[in-house]
Each structure stands twice: as C-alpha cells, then as structure tokens.
Amino acid sequence: MGRIGMCLAALAVLVSCGARSTEVTSEKLDLGDFTMGHNIVVAPDLQKGPLSRELPKEQWVASMKNAVDARLGRYDGERLVHFGINLSGYMLAQRGVPVLLSTKSALILTVTAWDDRAGAKFNEEPREIIVLESFGSGTVVTSSGFTMTAEEQLENLTFNAAREIERWMHENRACLVDDVPPEVLAKCWPSEKDERKRAQLERELRR
C-alpha cells in the first residue's frame, strides 16, 4: 500500500475536532503584498479511501477551485501568486456503526505557489495539506455520514482546505513583499510536509 493509501486507511477510523465551518466572512490575514493569479486545480490520481462515499473528480476540482477563489480572491496586493493544486485522496464518511465505526471525512492535497514576477516556484517541494471535516459535522458517536450528504461533506472539506492554504500564505508573508533580505528568505517555505497531521495519522496506524 502506498503512503497516500496508508493515510486514507488511518483516516477511516480517525476522529478529530476542528473549527466549525463558516462562510468566508472572517477577517483577512496579513499576506504581505499577496494577490491571487491563476488558480489551477487538478486530480489526475485522486484516490478514494476505504469505506468512503464516492464523488466524481470533476466535482472535487470545481468545489476546490471555488473555495480557493472565495477565500484567496479577497486580497488585492501587488505580488501576483499563482496556485497549482493537486487533489490526492479523500474519505467521505458514510453511515457506520456508532462508536465502533464512527468515521470522519478527510482530504489530502498538495499545493505549489508560483511567483509571477520571477516566473518560478516559491516552494520547490509541493506543500502537503491534510484536512479533516469541521467539528459539528457529526459527533463522537455519530459520523457525518448520518448527518450530511456527500456534497455537504465535500464543501466542508474544500472550505477547510482553502483556509489552510490562506494560513500557509500568512506563515510565509515575509517573502511576499519586495526586497526580501537573504536571511529572511532563507526562513521562508520550510518543510512542506504536513508533519503534525501526518504524525497523527502514523500514531493511528501503530495502534
């Protein structure tokens, strides 16, 4: 089983509490001089996890693109940044056995940010992002498969993924302005693996 497959297997039994999903009315973050250019979403090798509901790739691509447009399209700086987003795998919880099979929905993707001015990537290694459905989509004894349609789960996950991309831009805001000092540039775009979420998944796999 590949690494994505192992992650999806772990996600089949993972229970996690995140923030409640809301409309994009939250205050904008400091993204330096960021403004969004192209927003390209693809899913050539999208994998469906075990015990997951299924939705077509085209629906995933459209929802992810809309979520990024809505969240990152709010910024009007001078530094044009293009996004290349690859959807890798997903899990859409379905009706299961309460407690014993209370699954959570999840989405795995990678993101590359392109600097229009330099005509090059900001991050050489694609940024891995792993998102889980928002707390409130289900409960610890009932998965969202009981309370949400597959389309609602999809919107929840892509909303959360777009928010993580916004946070990633915020973390690297010092490199989204003109005349970045070399010592500052060296600290931008650190390890692009989602180490915290991946460690959480690996702990589940060892159980």
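Rules used throughout
Residues numbered from 1 in each chain as written. Predicted model: local features only at pLDDT ≥ 70, side-chain atom pairs only at ≥ 80, totals over all residues. Heavy atoms only, no water. Core = buried A, V, L, I, M, F, W, Y, C linked by side-chain atoms within 4.5 Å. Buried < 20%, exposed > 50% of the residue type's maximum accessible area, 1.4 Å probe, protein only. Helix = DSSP H or I, 4+ residues; strand = E, 2+ residues; numbered from the N terminus. Polar contact = N/O pair within 3.5 Å; in protein donor to acceptor, adjacent residues only side chain to side chain. Contact = heavy atoms within 4.5 Å. pLDDT = per-residue confidence, 0-100. Phe/Tyr/Trp six-rings, centres within 6.5 Å; stacked < 30°, edge-to-face > 60°. Lys NZ or Arg CZ within 6 Å of the ring centre and 35° of its normal. Salt bridge = Lys/Arg side-chain N within 4 Å of Asp/Glu carboxyl O. Pairing = 2+ DSSP bridges.

J.: Got a sec to walk through the nonpolar core? Specific residues and values, please.
T.: Core analysis: the largest hydrophobic core is formed by 38 residues, its most contacted members being Phe34, Trp60, Met64, Phe83, Ile85, Leu109 and Ile165. If you list the elements that add at least two residues to this core, you get strand E1 (34-42), helix H2 (57-72), strand E3 (79-91), strand E4 (106-115), strand E6 (127-132) and helix H3 (150-171). Looking at this core, the element that brings in the most residues is H3, giving 8 residues.

J.: Lay out the side chain of Arg79 in plain terms, naming residues and giving numbers.
T.: Relative to the helices and strands, Arg79 resides in strand E3. For Arg79, the side chain forms a polar contact with the side chain of Asp115, separated by 2.8 Å. Not counting the four nearest positions on each side in its chain, Arg79 is found in contact with Asp33, Phe34, Thr35, Asp115, Arg117, Phe122, Cys175, Leu176, Val177 and Asp178.

J.: Could you give an account of the confidence of the model for the protein, with specific residues and numbers?
T.: Atomic detail in the predicted coordinates should be set aside for any region of low pLDDT. Mean pLDDT over the protein works out to 80, with 71% of the residues at or above the 70 mark. Low pLDDT, under 50, characterises residues 11-22; the predicted model gives this stretch 33 contacts beyond four residues in sequence or across chains.

J.: Report on the packing of aromatic side chains, specifying residues and quantitative values.
T.: Taken as a whole and judged by the stated rule, the model has 5 aromatic pairs. When the centroid spacing of 5.9 Å and the interplanar angle of 40 degrees are considered together, the rings of Phe34 and Phe83 count as tilted. You can see Phe34 sitting in strand E1 and its partner Phe83 sitting in strand E3, a full 49 residues away along the chain. Taking relative accessible area as the criterion, Phe34 reaches 1% and is therefore assigned buried. A ring pair is formed by Trp60 and Tyr90, whose centres lie 4.6 Å apart and whose planes are at 40 degrees; its orientation type is tilted. Here Tyr90 lies in strand E3 and Trp60 lies in helix H2, a separation of 30 residues in the sequence. Note on Trp60: relative accessible area 0%, which makes it buried. Among the aromatic residues, those joined into a ring-pair cluster are Phe34, Tyr75 and Phe83. For the cation-ring pair, Lys28 lies above Tyr75, with the distance from its terminal atom to the ring centre recorded as 5.6 Å. Just above the ring of Phe159 sits the side chain of Arg71; from NZ or CZ to the centre is 5.1 Å.

J.: Give a description of the pattern of salt bridges that names residues and reports values.
T.: If charged atoms from side chains of opposite charge come close, those side chains can pair. Counted according to the given criterion, the structure contains 6 salt bridges. Here Arg173 makes a salt bridge to Asp30, at a shortest N to O gap of 3.7 Å. You can see Arg173 sitting in the loop between H3 and helix H4 (182-185) and its partner Asp30 sitting in the loop between helix H1 (3-11) and E1, a full 143 residues away along the chain. Using a relative accessible area of 32% as the deciding quantity, one classes Arg173 as partly exposed.

J.: Tell me about the pairing of E4, and name the residues and values.
T.: Side-chain positions along a regular strand alternate between the two faces of the sheet. Buried residues dominate E4, accounting for 8 of its 10 residues. As paired strands, E3 and E4 are joined by 10 bridges and run antiparallel to one another. Along E4, the bridge assignment pairs Leu87 with Leu109. The pairing of E4 with E6 spans 6 bridges and is antiparallel. Residue Leu107 lies in a different strand from E6, and its bridge partner there is Val131. Across 2 bridges, the pairing between E4 and strand E5 (residues 120-121) is antiparallel. When the bridges of E5 are listed, Asp115 appears paired with Ala120. Between E4 and the antiparallel strand that follows it, E5, lie 4 residues; Gly119 among them carries a positive phi value of about 65 degrees.

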